[in-house]
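Here are the chains, one letter per residue:
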Amino acid sequence: MEIIDGKKISAQVKQEIADEVARMTAEGKKVPHLAAVLVGNDPASETYVASKVKACQAVGIKSSEFRYGSDISEEQLLEVIDRLNDDADVDGFIVQLPLPKHISEEKVLNRISPDKDVDGFHPCNVGRMVLGLPTFLPATPAGIVELIARYGIETEGKHCVVVGRSNIVGTPMAVLMSRKAKHANCTVTMCHSRTKNLKEITLQADILIVAIGVPNFIKEDMVREGAVVIDVGIHRVPSETAKSGWKLIGDVDYDHVAPKCSYITPVPGGVGPMTIVSLLKNTLLACQKRG
Ligand code: BQF
């Protein structure tokens, strides 16, 4: 069993991005600029935005944060987006999800200029991804493909089972793994909350990608000996041993599943850090495309 070290790989990719940013700026090009919009004060969202800003700093990407109370109206938030769309210094921006209930995520994501949509959530960019056209790939699925590639994990002709069908992870993941491309070319099965005989299907997986959002959902008896297991889940649970009083766990019952795997991603330190790095890559790309 080999642990897929997302922290290590993300550090390598960050170094590559930092080198590229340094090369661009040495040529007198503009410093890439990522803006992040944060609505409300959900602690997890605060952490995610802080990690993104810190990662930008580490690689020489300029970042700016736009914070609003959860009482901001949908109309006001759409105006914020219009301003960022029109701001020539901003190469790309994200609106941290989830948003408060009174704001339509669909309306917000639709308003982001596809050229600045570094999360890859705009319908245009989702369509481009499905068609295999160049675009901003959603950060988590792109990070997972990067891990698979850098570990030299064989994918061609393999059975990849994706558990979860969200717009942000499960759906794009299934699309990417089934593409006719390097580090893809899988036969993909997508499972979700209504799937019957889930265990029968997960047991057939050469590559099992889990983004169901339920802590420790995948048990030892659901995983084939020698499978590659990618855990996208991230849950804060109480812990007596951690001095913070809590710890992070994934959608996979790691302690019992890991011994059966050829490769497995841990939580934390697996997929999460790669999500951040993919966002940096997209920001660099947005800046280069704008020239
Ligand atoms: C790690 C996210 C659910 C909903 C909205 C590193 C992150 C997480 C874990 C991180 C996530 C999850 C992000 C680790 C961004 C991933 O060391 O294991 C980084 O910052 N993420 C997000 O922006 O929105 C979410 C999960």
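Residues numbered from 1 in each chain as written. Predicted model: local features only at pLDDT ≥ 70, side-chain atom pairs only at ≥ 80, totals over all residues. Heavy atoms only, no water.

## Considering the packing of aromatic side chains
Evaluation of the coordinates by the stated rule reveals 1 aromatic pair. The cationic tip of Arg236 hangs over the ring face of Trp246; the distance from NZ or CZ to the ring centre is 3.8 Å. Sitting above the plane of the Phe136 ring, Lys289 keeps its charged end 4.3 Å from the centroid. (Phe/Tyr/Trp six-rings, centres within 6.5 Å; stacked < 30°, edge-to-face > 60°. Lys NZ or Arg CZ within 6 Å of the ring centre and 35° of its normal.)

## What to know about the site of the ligand
Looking at the ligand, the residues that line it are Tyr48, Lys52, Gln96, Leu97, Ile234, Pro268, Gly269, Gly272, Pro273 and Ile276. Interatomic distance of 2.6 Å between a side-chain N/O atom of Lys52 and an oxygen atom of the ligand. Contacts to the ligand include Gly269, whose backbone N or O atom sits 2.8 Å from an oxygen atom. Notes on the ligand: free accessible area 530 Å², of which the protein chains cover 69%. Looking at the shell around the ligand, the elements that each hand over two or more residues are helix H2 (43-59) and helix H10 (271-290). A class-by-class count of the residues in the shell around the ligand yields 6 nonpolar, 3 polar and 1 charged. (Near = heavy atom within 4 Å. Polar contact = N/O pair within 3.5 Å; in protein donor to acceptor, adjacent residues only side chain to side chain. Areas by Shrake-Rupley, 256 points an atom, 1.4 Å probe, with all protein chains shown as cover. Helix = DSSP H or I, 4+ residues; strand = E, 2+ residues; numbered from the N terminus. Nonpolar A, V, L, I, M, F, W, Y, C, P; charged D, E, K, R; others polar.)

## Comments concerning the nonpolar core
The tendency in soluble globular proteins is for nonpolar side chains to be buried as a group. Residues Ile17, Ile61, Ile144, Met177, Ile209 and Ile230 are the most contacted members of the largest nonpolar core, which totals 51 residues. Among the elements that take part in this core, H10 stands out by supplying 9 residues, more than any other. Contact partners of Ile144, with chain neighbours within four places excluded, come to Met173, Ile209, Ile230, Val232 and Val271. The next biggest cluster of nonpolar side chains, apart from the first, holds 19 residues, and it includes Val39, Leu77, Leu78 and Ile81. (Core = buried A, V, L, I, M, F, W, Y, C linked by side-chain atoms within 4.5 Å. Buried < 20%, exposed > 50% of the residue type's maximum accessible area, 1.4 Å probe, protein only. Contact = heavy atoms within 4.5 Å.)

## Remarks on the sheet that holds strand S5 (residues 159-163)
Pairing within the open sheet is parallel, and its 6 strands lie in the order S1-S11-S8-S7-S5-S6. The open sheet has two edge strands with one neighbour each: strand S1 (2-3) and strand S6 (187-191). Where S5 and strand S7 (residues 207-210) come together, 4 bridges link them in parallel fashion. Directly across from Cys160, in S7, lies its bridge partner Ile207. Sheet strands in contact with helix H7 (residues 170-178) are S5, S6 and S7, and its direction is about 165° off that of S6. (Pairing = 2+ DSSP bridges. Axes fitted to C-alpha atoms, helices over the stretch in contact; angles between N-to-C directions.)

## Let's talk about the packing of helix H6 (residues 139-150) against H10
Two measures define how a pair of helices packs: the angle their axes make with one another and the distance between the axes. The geometry of H6 relative to H10 is characterised by a closest axis approach of 7 Å and an angle of 110° between their N-to-C directions. Classified by the angle their axes make, H6 and H10 are roughly perpendicular. Touching Ala139, Thr140, Ala142, Gly143, Ile144, Glu146 and Leu147 of H6 are Val271, Met274, Thr275, Ser278, Leu279 and Lys281, all from H10. When grouped by side-chain class, the residues that make up the contact of H6 with H10 number 7 nonpolar, 4 polar and 2 charged. (Parallel < 35°, antiparallel > 145°, perpendicular 65-115°, else oblique.)

## Describing the pattern of salt bridges
Enumeration over the complete set of coordinates arrives at 16 salt bridges. A salt bridge links Lys107 to Glu74; the nearest nitrogen and oxygen atoms lie 3.0 Å apart. Of this pair, Lys107 sits in helix H4 (residues 105-111) while Glu74 sits in helix H3 (residues 74-86), and the two are 33 residues apart along the sequence. Look at Lys107 and you get partly exposed, because its relative accessible area is 48%. Residue classification places Glu74 among the buried residues on the basis of a relative accessible area of 17%. Glu146 serves as the salt-bridge partner of Lys281, at 2.9 Å between the closest nitrogen and oxygen. Within this pair, whereas Lys281 is found in helix H10, its partner Glu146 is found in helix H6, the two being separated by 135 residues in sequence. Lys281 sits in the partly exposed class, given a relative accessible area of 33%. Through salt bridges with shared partners, one network takes in Lys30, Lys62, Asp89, Asp91 and Arg290. (Salt bridge = Lys/Arg side-chain N within 4 Å of Asp/Glu carboxyl O.)

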